[in-house]
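Examining the three-dimensional arrangement
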Amino acid sequence: METKKNDNPDKVRIGVLVSGGGTNLQAIIDSCESGILKDIAEIAAVISNKADAYALERAKKHGIYSKFIDRKNFQGNAAFCQEIAKELKSRGVKLICLAGYLCMITPELIKEFKGNIINIHPALLPKFGGKGMYGHNVHETVLKSGDKESGATVHWVNEIYDNGEIIIQKRVSVIPNDTPESLAKRILPVEHQIYPEAILKIIKEGLKIKG
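Bear in mind the structure is a predicted one, so any value in this text is a computation, not a measurement.

Re the pattern of salt bridges
For the coordinates displayed, the defined rule picks out seven salt bridges. Note that lysine 89 is salt-bridged to glutamate 112, the shortest N-O span being 2.3 Å. Placement of the pair is lysine 89 in helix 3 (residues 77-90) and glutamate 112 in helix 4 (residues 107-112), with a sequence separation of 23 residues. With relative accessibility at 46%, the residue lysine 89 sits in the partly exposed group. A salt bridge links lysine 201 to glutamate 205, with the nearest nitrogen and oxygen atoms 3.1 Å apart.

Focus on the layout of surface pockets
By volume, the largest pocket is sized at about 920 Å³. Of all the secondary structure elements, the ones that give two or more residues to the lining of the largest pocket are helix 1 (23-34), strand 5 (95-99), helix 4, strand 6 (117-121), helix 5 (136-145) and helix 6 (180-205). The residue inventory of the lining of the largest pocket, partitioned by class, reads 18 nonpolar, 16 polar and four charged.

Things to note about the environment of valine 93
Within the fold, valine 93 resides in the loop between helix 3 and strand 5. Since its relative accessible area comes to 5%, valine 93 is described here as buried. Considered as a pair, valine 93 and histidine 62 are 31 residues apart in the sequence and their alpha carbons are 18 Å apart.

So, the packing of aromatic side chains
The final tally for this structure, using the stated rule, is one aromatic pair. On the numbers, 5.9 Å between centres and 55° between planes, the contact of phenylalanine 74 with phenylalanine 80 is tilted. Given the relative accessible area of 0%, phenylalanine 80 is considered buried. The ring of tyrosine 65 has arginine 91 lying over it, and the distance from NZ or CZ to the ring centre is 4.2 Å.

Some details on helix 3
Taking 1.5 Å as the rise per residue, helix 3 with 14 residues should run 20 Å; its terminal C-alpha atoms sit 20 Å apart, in good agreement. Structurally, helix 3 contributes buried residues whose contacts are with strand 2 (12-18), strand 3 (41-48), strand 4 (66-68), strand 5 and helix 4. Phi turns positive one or two residues past the end of helix 3, at glycine 92, with a value near 70°.

Focus on the environment of leucine 125
Within the element layout of this structure, leucine 125 appears in the loop between strand 6 and helix 5. It is 22 Å that separates the C-alpha atoms of leucine 125 and serine 19, two residues lying 106 residues apart in sequence. Beyond its immediate stretch of four places on either side in the chain, leucine 125 contacts Thr153, His155, Asp162, Ile166 and Gln169.

A closer look at the side chain of histidine 155
Relative to the elements of secondary structure, histidine 155 occurs in strand 7 (residues 149-156). A relative accessible area of 2% means that histidine 155 is categorised as buried.

Some remarks on helix 2 (residues 54-61)
Taken together, the buried positions of helix 2 are Ala55, Leu56, Arg58 and Ala59. For helix 2, the arc enclosing every buried residue in end-on projection is 155°, short of the 170-degree limit, so these residues lie on one face. In the core, the buried residues of helix 2 are packed alongside strand 2, helix 1, strand 3 and strand 4. Of the residues flanking the end of helix 2, it is glycine 63, one or two places downstream, whose phi is positive at about 70°.

Rules of the game
Residues numbered from 1 in each chain as written. Predicted model: local features only at pLDDT ≥ 70, side-chain atom pairs only at ≥ 80, totals over all residues. Heavy atoms only, no water. Salt bridge = Lys/Arg side-chain N within 4 Å of Asp/Glu carboxyl O. Helix = DSSP H or I, 4+ residues; strand = E, 2+ residues; numbered from the N terminus. Buried < 20%, exposed > 50% of the residue type's maximum accessible area, 1.4 Å probe, protein only. 1 Å grid on protein atoms, 1.4 Å probe; cavity = no way out; pocket = protein on both sides within 12 Å on 5 of 7 lines; lining within 4 Å. Points joined across faces, edges and corners; volume = space filled by probe spheres on them. Nonpolar A, V, L, I, M, F, W, Y, C, P; charged D, E, K, R; others polar. Phe/Tyr/Trp six-rings, centres within 6.5 Å; stacked < 30°, edge-to-face > 60°. Lys NZ or Arg CZ within 6 Å of the ring centre and 35° of its normal. Expected span 1.5 Å × (residues − 1). Contact = heavy atoms within 4.5 Å. Arc of directions from axis to C-beta.

Written out as structure tokens, the structure is:
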């Protein structure tokens, strides 16, 4: 799947990597079209490793360039990520946002866009991060720990899962009888709020953006 749109060279060009429904992608789209990112950023590319990711449909509805890249067509994750890097560079992307992207990012891709890749995590890092800590796995672990609060974190991406420097966090209280589903439902709107805020902070303060 591939769509295209007209581009504004005066705005910071964002590439979003997705694997699923893309609600955080939608939050960024809305912020670029009519919110806090309207005059300073645009999404230049949406790339998914899943052909049926609804995030691709979201991009299509907004006339945003989007593409499915099949991991099976490449011998190894390094070659796969090289193709992603090539696609993003061809679109002039300066900042990569991972939005529910469930495929490993290789050191090569991190090096290509060093200091320009961010991710959102549905917990308060550095707790409840690392390999396997995504989706409801995170919320189940938080509830089992007995912690009284959780939340969401936007952080820089490095070679270690969920280990990069924190950009923004926002807390959400854990309430009695919470389930992974109920906790996730209250954290998701917080994710949608702080992801565009983190992008705004990066652009306004010039944090690690290159080129």
